[in-house]
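Residue-level structure breakdown
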Amino acid sequence: MSSLPVLKAADFASDQDVRWCPGCGDYSILAQMKKVLPELGVPREKIVFISGIGCSSRFPYYMNTYGMHSIHGRAPAFATGLKSTRPDLMVWVITGDGDALSIGGNHFIHMLRRNIDVNVVLFNNRIYGLTKGQYSPTSREGQITKSTPMGSIDHPLSPLSLALAAEATFVARSIDAHVKHLGQTLARAAAHKGTSLVEVYQNCNVFNDGAMAYAQEKKQRDDNVVELEHGKPLIFAKGTKGIRLVGNHLEIVNTADVPADDLLIHDEKSPNPSIHMMLARMSYPEMPEPIGVFRAVENVETYDDQINAQVDLARSTKGEGDLEALFASGDTWTVQ
Amino acid sequence: MTASPTTNKNVQSVSGITVRLAGDSGDGMQLLGTQLTNTSALAGNDVATFPDFPAEIRAPRGTRAGVSGFQVQFASEEIFTPGDVLDALVVMNPAAMVTNLSDLRKGGILIANEDGFNEKEFKLAKVESNPLDASVIEETYRVVKVAMTKLTRDAVSEFGLGTKLADRCKNFFAMGLVYWLFGRSLDPTLRFIEAKFGKKPDVAAANVAALRAGWAYGETTEAFGESYQVNAAELVPGTYRNIMGNQAIAMGLVAASKLSGKEMFYGTYPITPASDILHELTKFKNFGVRTFQAEDEIAAICSTIGAAFGGTMGVTASSGPGIALKGEAMGLGMILELPMIIIDVQRGGPSTGLPTKTEQSDLMQAMFGRNGESPLPVLAPRSPGDCFDIAIEAWRIATECMCPVIILSDGYIANGSEPWRIPALSELPKIRVSHPEGSDGSEAYKPYMRDENLARPWARPGTPGLMHRVGGLEKEDITGNVSYDPANHQHMTDTREAKVAQIANRIPPQDVFGETSGDVLVVSWGGTYGSCHTAVDRIQKAGHKVSHAHLRYLNPMPSNIGELLGSFKKVVVPELNKGQLRMLLRAEHLVDCLGINKVQGKPFTVTELVEQITEIAESAKNQTPSAGGVARSAS
Ligand SMILES: Cc1ncc(C[n+]2csc(CCOP(=O)(O)OP(=O)(O)O)c2C)c(N)n1
Ligand code: SF4
């Protein structure tokens, strides 16, 4: 067996011009993806990107892999059909907050609960970019947009809460501007067997500039974001603050005031998603927002493995399908 | 050794019998009908069936809305329909009687379960008094009243079943009686009981006892003077089985999968009357069939496209409402130019419409129900058995032309059954499918290069050097890159259209039953084949110059259609819709077609077609070809 050629980020760039607005957070996610993929050692031809519709969903055109830019909200369904029949491929689903949670909400839920072995990157800019600035299911209440001149009256949806409710096996969040963290998170998602969801806070500098500046800007990030690490306590604000579980809620404490083992220790492997759900509900400005891996539960069977296992089992118990025998099954009679 | 008794009474030989079994939806009429059908088919008769059931699973008992019926015609000659008028009608209660009696011919046999006719049932059926007592009934029909419930209870008493279970056996009693009347063997049904209830010996024994009691009742009672015998039909030699449309589609798909060496992915969402295709295909996992019950019809077709992109043949099926949901994805499948099959088992519309009744009103949806210019090939089977061939043909076209292909079946074909001659594998067409081989990647791969069929290559992910991206945005010719260039859009639209149009060169020319010119050409499609064929046969025998062209290819149509339409003084298009094929023929060929249209959730009867077509034939007889404003140009 010949060893695989060593690929570089540039090898994953397609010959197509990238057409996002200058300054868009999408560029950073694309760059990290191109950086991470060569490190996985998966040949380009074994990788498929499937997207829905939106600015972010142009992503597959920019990758020198196999790809499909599909229809709005349905990428999970295309990925399900592909992965169920081609478990040998590494499948990425690229989606936006409108794409995944509005028109595609149903498919999003079912992909997660089936635990199909695909990696989902949800670009969350809390706005509709491609259709030029309407509010999205993740827009803040009261947000003024083109379609909500008097402020949005919808209650926003948290993709991570939704994913946890669907018993997703891998749930994570990262930030476009936090490139190192983003790269590491994508790599962990790729390594997970089962559906992995990475929500990425992505700045749409044209229609929703700064909507997540509290998490994106270096200056503010320390105070407003808490990085999750398995087995470590939840600490932020340069170590001065921590998170403690009291009864059935989480609260902020000064680390100076409480003993270290009073702080919540992050357990991404817990099969019980209750605390993961509490983490997902932490939201700025009341609480710092967690980034990193919320939940990573291994050894849950994947849909693609099981659909193929049933085919194998049928073949081993009934034998390879025989057309003549099939036609003649049931009552037959002969006309001379 | 045979388990079937033989009769001592007179046996009258007849060429065919049409019988309908009708009762409450809980009475087991569908089971009774299926058994009678199989038994008749095994006896060598040609058979055709028409099950008709309520949309509600447990419609209110005893009401007219809850009546479930099963009609079967069995004959000693080739038949194409389940028959118009009934020779015999079996009714289990008053509601079944009043809703079905009008189809029984004068002098026909009416067998009624007397025990089902009481005050309570009259109320449920909304009849004033016992309909059996009307003097006109005795005068018009040969009425046989049988206390089926009581006789069944007596017959099964020794098995100690509760009353409820005992009463459930009464459809087997009715079956026994019907079997006696029509000289059917009990053996196939005895085998069926053994296979189905073998694990519950008391239930099996009770059903056997009820079946035999029904038979014995016919033999001993004075009610019937004679029984009837329908001899075997002269069918093409071969081995036969009985087959339903949905079953035949499933089997055709599996056959095509083998013939093409391609495994199959079936993504679907349950809907009447398409669900049985899913139920059938789940049994074929050892053929490499992967079935996926998606969260909705959109996911169903999208998963199918995902599988097709991966190099596996994708199939999805639904009925009208689900096909409406699939519209956007069908357009994507069209522009991606990937092979797949989309089956629409039509039912009464619009919207939820008449879920368990038949109609042919999705033709326009299949032709045009997508945004933009997005023609797709459309095929329609003409009978349950033809579903097998159509499935293979759709697979062939889809893979040869790299495009989605639509199959328009309908509820009548899907649930109806007929004897099907089992083909030898050597009779089935080979389907050649190839995938481009890998390259060193020194040259950019061209996913939208085309072959002589204008088909692009089916490059599978995983193949080195062929990396490419597809999507719904307009493609640049050859490279497949996104392109907004106006001239390119025109070119790609024209090419995709031409790709579908050229299929006409590779399908058989339209055949005609009768002369290729004359007074009237009857043009039909889909499930109305049987009634139209039988009607035209009768009209021809009555001396009229009427011919019949039945379309299995609706898009593109065979290339000789225009010429054919122009060779008759009048063209008549019977359809179970408001005139959709007629509109297409008029638009395409400038021929002033006449329509015979019916949207009652019921198939055409042969009689109604004979009447209406004969009338048109009479008026066409004296017409000179140029008169009457009939445009005769064919373009
Ligand atoms: C069926 C359908 N409905 C609507 C649209 C229009 N549309 C395109 S993208 C989009 C929203 C995209 O928002 P999001 O998913 O947040 O992606 P972003 O552009 O912000 O990356 C909408 C409504 C469409 N393309 N298809
Ligand atoms: S509109 Fe927003 S999301 Fe879209 S490319 Fe521009 S900056 Fe990015």
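Residues numbered from 1 in each chain as written. Chains lettered and ligands numbered in written order. Predicted model: local features only at pLDDT ≥ 70, side-chain atom pairs only at ≥ 80, totals over all residues. Heavy atoms only, no water.

Size of an interface, as often reported, equals the accessible area lost when the parts are brought together. All names here are of chain B. Domain annotation for chain B reports domain 1 (3-230), domain 2 (241-427), domain 3 (435-506) and domain 4 (518-633). Between domain 2 and domain 4, the residue contacts involve 29 residues of the former and 22 residues of the latter. For the domain 2 and domain 4 pair, buried surface summed over both sides reaches about 2200 Å², with 61% attributable to carbon and sulfur atoms. Put simply, domain 2 and domain 4 have 1 salt bridge between them. Aspartate 386 serves as the salt-bridge partner of arginine 552, at 2.7 Å between the closest nitrogen and oxygen. Linking domain 2 with domain 4 are 14 residue pairs in polar contact (both at pLDDT 80 or more). If you list the elements that add at least two residues to the side of domain 2 that touches domain 4, you get helix H14 (363-368), strand E14 (378-379), helix H15 (386-401), strand E15 (404-410) and helix H16 (411-415). The residue inventory of the side of domain 2 that touches domain 4, partitioned by class, reads 17 nonpolar, 4 polar and 8 charged. (Domains from an automatic or database assignment. Contact = heavy atoms within 4.5 Å. Buried area = accessible area lost by both parts, 1.4 Å probe. Salt bridge = Lys/Arg side-chain N within 4 Å of Asp/Glu carboxyl O. Polar contact = N/O pair within 3.5 Å; in protein donor to acceptor, adjacent residues only side chain to side chain. Helix = DSSP H or I, 4+ residues; strand = E, 2+ residues; numbered from the N terminus. Nonpolar A, V, L, I, M, F, W, Y, C, P; charged D, E, K, R; others polar.)

Before going further, it helps to examine the packing of aromatic side chains. Under the defined criterion, the tally for this structure stands at 20 aromatic pairs over all chains. Measuring from ring centre to ring centre gives 4.8 Å for phenylalanine 388 of chain B and tryptophan 420 of chain B, while their planes differ by 55°; the resulting arrangement is tilted. One end of the pair, phenylalanine 388 of chain B, is in helix H15; the other, tryptophan 420 of chain B, is in strand E16 (residues 417-421), and 32 residues separate them in sequence. Judged by its relative accessible area of 0%, phenylalanine 388 of chain B is buried. Within the aromatic cluster, the residues linked to one another by ring pairs are Trp20, Tyr27, Phe49, Phe59, Tyr62, Trp92 and Phe123 of chain A. Across from the ring centre of tyrosine 201 of chain A, 5.1 Å away, lies the NZ or CZ of arginine 126 of chain A, which sits over that ring. Directly above the ring of tryptophan 458 of chain B sits lysine 262 of chain B, whose terminal nitrogen or CZ lies 5.0 Å from the centroid. (Phe/Tyr/Trp six-rings, centres within 6.5 Å; stacked < 30°, edge-to-face > 60°. Buried < 20%, exposed > 50% of the residue type's maximum accessible area, 1.4 Å probe, protein only. Lys NZ or Arg CZ within 6 Å of the ring centre and 35° of its normal.)

Time to look at a positive patch on the surface. All names here are of chain B. Where like charges cluster on the molecular surface, the positive patch consists of Arg58, Lys164, Arg168, Lys196 and Lys200. For lysine 164, the position within the fold is in helix H6 (residues 163-168). On the accessibility criterion, lysine 164 (73% relative accessible area) is exposed. (Patch = residues over 30% accessible without salt bridge, like charges linked within 9 Å, V, L, I, M, F, W, Y side chains within 5 Å. Areas by Shrake-Rupley, 256 points an atom, 1.4 Å probe, with all protein chains shown as cover. Lys, Arg positive; Asp, Glu negative; His and termini not counted. Charge placed at Lys NZ, Arg CZ, Asp CG, Glu CD.)

The next point concerns the sheet that holds strand E1 (residues 47-51) of chain A. Strand order across the open sheet formed by 9 strands is E7(A)-E11(A)-E5(A)-E6(A)-E4(A)-E3(A)-E1(A)-E2(A)-E17(B), with mixed pairing between neighbours. The open sheet has two free edges, formed respectively by strand E7 (225-227) of chain A together with strand E17 (469-471) of chain B, since each of these has just one partner strand. Here the strands of the sheet are splayed against their neighbours by 20° on average, with no regard to which way each runs. Both strand E2 (residues 66-69) of chain A and E17 of chain B contribute to a ladder of 3 bridges, which runs parallel. Bridged to methionine 68 of chain A within E17 of chain B is valine 470 of chain B. Helix-sheet contacts for helix H1 (residues 26-40) of chain A involve E1, strand E3 (90-96), strand E4 (118-124) and strand E6 (196-201) of chain A, and the interaxial angle to E4 of chain A is about 160°. (Pairing = 2+ DSSP bridges. Axes fitted to C-alpha atoms, helices over the stretch in contact; angles between N-to-C directions.)

Before going further, it helps to examine the UniProt feature "domain: Pyruvate/ketoisovalerate oxidoreductase catalytic" (unreviewed entry) in chain B. UniProt tags residues 26-214 of chain B as "domain: Pyruvate/ketoisovalerate oxidoreductase catalytic" (unreviewed entry). Taken end to end, residues 26-214 of chain B is 46% helix and 20% strand, and its two terminal C-alpha atoms sit 19 Å from one another. (UniProt positions renumbered as here; feature names shortened; annotations may be inferred.)

The subject of this paragraph is the site of ligand 2. By nearness alone, every residue bordering ligand 2 is listed as Trp20, Cys21, Cys24, Cys55, Asn125, Gln202, Cys204, Asn205, Val206 and Phe207 of chain A. Looking at the shell around ligand 2, its residues break down into 7 nonpolar, 3 polar and no charged. (Near = heavy atom within 4 Å.)

With that settled, the discussion passes to helix H1 (residues 29-42) of chain B. If you check H1 of chain B, its first and last C-alpha atoms are 20 Å apart, about what 14 residues at 1.5 Å a residue would give, namely 20 Å. For H1 of chain B, every residue scored as buried is listed here: Met29, Leu32, Gly33, Gln35, Leu36, Thr37, Thr39, Ser40 and Ala41 of chain B. (Expected span 1.5 Å × (residues − 1).)

Attention shifts here to the environment of proline 237 of chain B. Looking at the element boundaries, proline 237 of chain B is found in the loop between strand E8 (226-230) and strand E9 (238-244). The sequence separation of proline 237 of chain B and arginine 421 of chain B amounts to 184 residues, and the corresponding C-alpha distance is 8.3 Å.

To continue, consider the interface of chain B and chain A. Each partner contributes to the interface: chain B provides 69 residues, whereas chain A provides 58 residues. Each partner contributes to the roughly 5500 Å² buried at the junction of chain B and chain A, and carbon and sulfur atoms together form 62% of this total. Area buried by chain B at its contact with chain A is led by Asn286, Met467 and Arg469 of chain B, which between them contribute 14% of it. Counting across the interface, chain B meets chain A through 3 salt bridges. Its salt-bridge partner being arginine 114 of chain A, residue glutamate 295 of chain B comes within 2.8 Å of it at the nearest N-O pair. Here chain B and chain A share 27 residue pairs in polar contact (both at pLDDT 80 or more) between them. At the level of elements, H1, E9, helix H10 (245-260), strand E11 (289-293), helix H12 (297-309), helix H13 (320-336), E16 and E17 of chain B are the ones that each hand at least two residues to the side of chain B that touches chain A. Per-element tally for the side of chain B that touches chain A: the top contributor is H12 of chain B, with 8 residues. A class-by-class count of the residues in the side of chain B that touches chain A yields 39 nonpolar, 18 polar and 12 charged. In terms of strand pairing, strand E12 (residues 332-335) of chain A meets E9 of chain B through 4 bridges, oriented antiparallel.

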